Amino acid sequence: MGLKAVFFDLDDTFYSSFGACDAYAYERLAIWAEQTLGIPGDTFLQAFHANRHRLARQQPGMPPVHDRVLFAQGALERLGCNAIRYSRQAHRVYWDAVLEKMELRPGVTELLADLRRAGVKTAVCTDMLADIQMEKLEHLGLADQVDYLVASEEAGMDKPGAPMFWLALQKCGCLPGEAAMVGDNFRHDIQGAMDVGIAGVWLNWTGLPRPQDDRPYYEAETFEQAADYIRTLL
């Protein structure tokens, strides 16, 4: 195929598992609410989730649905607290907890090093805000190993929307047939990439049933398996 670029999802692809990190972050957020605001943790989390769902209904598939500052702002306003003073604190408590729990998958640094030696560009394509995803890459020790970041905040919409993939292709200076996308979410990462002609490498680490899609793609159970397949394309 003449591989010139490999795109990667970040959450649950470079590290695992976001679900566990997210659950721990909510535990820390509940403790923060009790200690800082004097509000029962469950009460704060209910308001936090309610505002998250409200944003999702109002702006489906748009970048603000990932912004923990906005979730906290709505929760604090709902509870009669000072949102200007405390929203960013809540954001920081949440993400510090996520960073604390992240575990880099085996094989990530080795593949990125091999791709750089081969002259293949790399980009992270992620449904999230740019600032926190850059911080995650730094925390994981990958900031100097990835060439580009494309967040949905920059692209204007989440995957599987085409703008993120086209922007990654533009940054890497290649055509769809010269790129591959590695990700754990079949609809967002794999079908979204294949919709614009990019080869898909599905990291099915949770053992989900194989979706109905007649287009060819590669399925891996571990990141190391996905990495070995990418190496065959070099």
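For the structure itself, look to the data block above.
What counts, and at which threshold
Residues numbered from 1 in each chain as written. Predicted model: local features only at pLDDT ≥ 70, side-chain atom pairs only at ≥ 80, totals over all residues. Heavy atoms only, no water. Helix = DSSP H or I, 4+ residues; strand = E, 2+ residues; numbered from the N terminus. Rg over C-alpha atoms; globule rule 2.2 N^0.38 Å. Buried < 20%, exposed > 50% of the residue type's maximum accessible area, 1.4 Å probe, protein only. Contact = heavy atoms within 4.5 Å. Lys, Arg positive; Asp, Glu negative; His and termini not counted. Salt bridge = Lys/Arg side-chain N within 4 Å of Asp/Glu carboxyl O. Axes fitted to C-alpha atoms, helices over the stretch in contact; angles between N-to-C directions. Parallel < 35°, antiparallel > 145°, perpendicular 65-115°, else oblique. Left-handed = near helix turned anticlockwise from the far one by under 90°. Nonpolar A, V, L, I, M, F, W, Y, C, P; charged D, E, K, R; others polar. Core = buried A, V, L, I, M, F, W, Y, C linked by side-chain atoms within 4.5 Å. Phe/Tyr/Trp six-rings, centres within 6.5 Å; stacked < 30°, edge-to-face > 60°. Lys NZ or Arg CZ within 6 Å of the ring centre and 35° of its normal.

1. Observations concerning the overall build of the protein
For step 1, the next point in the chain: Within the protein one finds ten helices and eight strands.
For step 2, the next point in the chain: Taking 234 residues into account, the globule formula puts the C-alpha radius of gyration at 17 Å, and the protein, at 19 Å, falls close to it.
For step 3, the next point in the chain: Expressed as lengths along the three principal axes of its C-alpha atoms, the size of the protein is roughly 60 × 35 × 30 Å.
For step 4, the next point in the chain: Out of the 234 residues belonging to the protein, those deemed buried represent 51%.
For step 5, the next point in the chain: Residue pairs in contact within the protein that sit at least 24 positions apart in sequence constitute 63% of those at least 6 positions apart.

2. Re the side chain of D184
For step 1, the next point in the chain: In this structure, D184 sits in the loop between β6 (179-183) and α9 (186-195).
For step 2, the next point in the chain: Buried D184, no salt bridge; nearest opposite-charge side chain is R105, N-O distance 6.6 Å.
For step 3, the next point in the chain: Sequence-distant contacts of D184, that is, excluding residues within four places in its chain, are made with D9, D11, D12, T13, D189, W202, L203 and W205.

3. A closer look at the environment of T36
For step 1, the next point in the chain: Mapped onto the secondary structure, T36 falls in helix α1 (residues 18-37).
For step 2, the next point in the chain: Judged by relative accessible area, which is 35%, T36 ranks as partly exposed.

4. Re the pattern of salt bridges
For step 1, the next point in the chain: For the coordinates displayed, the defined rule picks out 15 salt bridges.
For step 2, the next point in the chain: We note a salt bridge from D9 to K159, for which the minimum N-O separation is 3.0 Å. Residue D9 is located in the loop between β1 (5-8) and β2 (15-16), and its partner K159 is located in the loop between α7 (152-155) and α8 (162-172); the two are separated by 150 residues in the primary sequence. This pair shows no difference in class: D9 is buried, exactly as K159 is.
For step 3, the next point in the chain: A salt bridge links D195 to R187; the nearest nitrogen and oxygen atoms lie 3.8 Å apart.
For step 4, the next point in the chain: For R187, a relative accessible area of 40% gives the class partly exposed.
For step 5, the next point in the chain: Through salt bridges with shared partners, a single network forms among D114, R117, D228 and R231.

5. Things to note about the packing of helix α2 (residues 41-58) against helix α3 (residues 68-78)
For step 1, the next point in the chain: Closest axis-to-axis distance for the α2/α3 pair is 8 Å, and the angle between their directions is 120°. For the element pair α2 / α3, the angle class is oblique. Remark: the crossing between α2 and α3 carries right-handed chirality. Of the residues in α3, those in contact with F44, A47, F48, A50, N51, R52 and L55 of α2 are R68, L70, F71, A72, G74, A75, L76 and R78.
For step 2, the next point in the chain: Residue composition of the contact of α2 with α3, grouped by class: ten nonpolar, two polar and three charged.

6. Concerning the nonpolar core
For step 1, the next point in the chain: In terms of nonpolar packing, the biggest core is built from 61 residues, with F8, F14, F44, V98 and I230 touching the most fellow members.
For step 2, the next point in the chain: If one sorts the elements of this core by residue count, α1 sits on top with ten residues.
For step 3, the next point in the chain: Apart from residues lying up to four places away in sequence, I230 is in contact with L3, V6, L111, L115, A180, V182 and V201.
For step 4, the next point in the chain: Membership of the second largest hydrophobic core comes to 18 residues, among which are F7, C125, V196 and I198.

7. Notes on the packing of aromatic side chains
For step 1, the next point in the chain: Scanning all chains against the criterion turns up 14 aromatic pairs.
For step 2, the next point in the chain: With a centroid separation of 5.0 Å and an interplanar angle of 70°, the aromatic rings of F186 and W202 are classed as edge-to-face. Taken together, the residues F186 in helix α9 and W202 in strand β7 (residues 199-203) connect sequence positions 16 residues apart. Neither F186 nor W202 differs from the other in exposure class; each is buried.
For step 3, the next point in the chain: By the ring-pair criterion, three or more aromatic residues cluster together here, those being Y26, W32, F44, F48, F71, Y86, Y94 and W95.
For step 4, the next point in the chain: Its guanidinium or amino end placed over the ring of Y24, K101 lies 4.7 Å from that ring's centre, counting from NZ or CZ.

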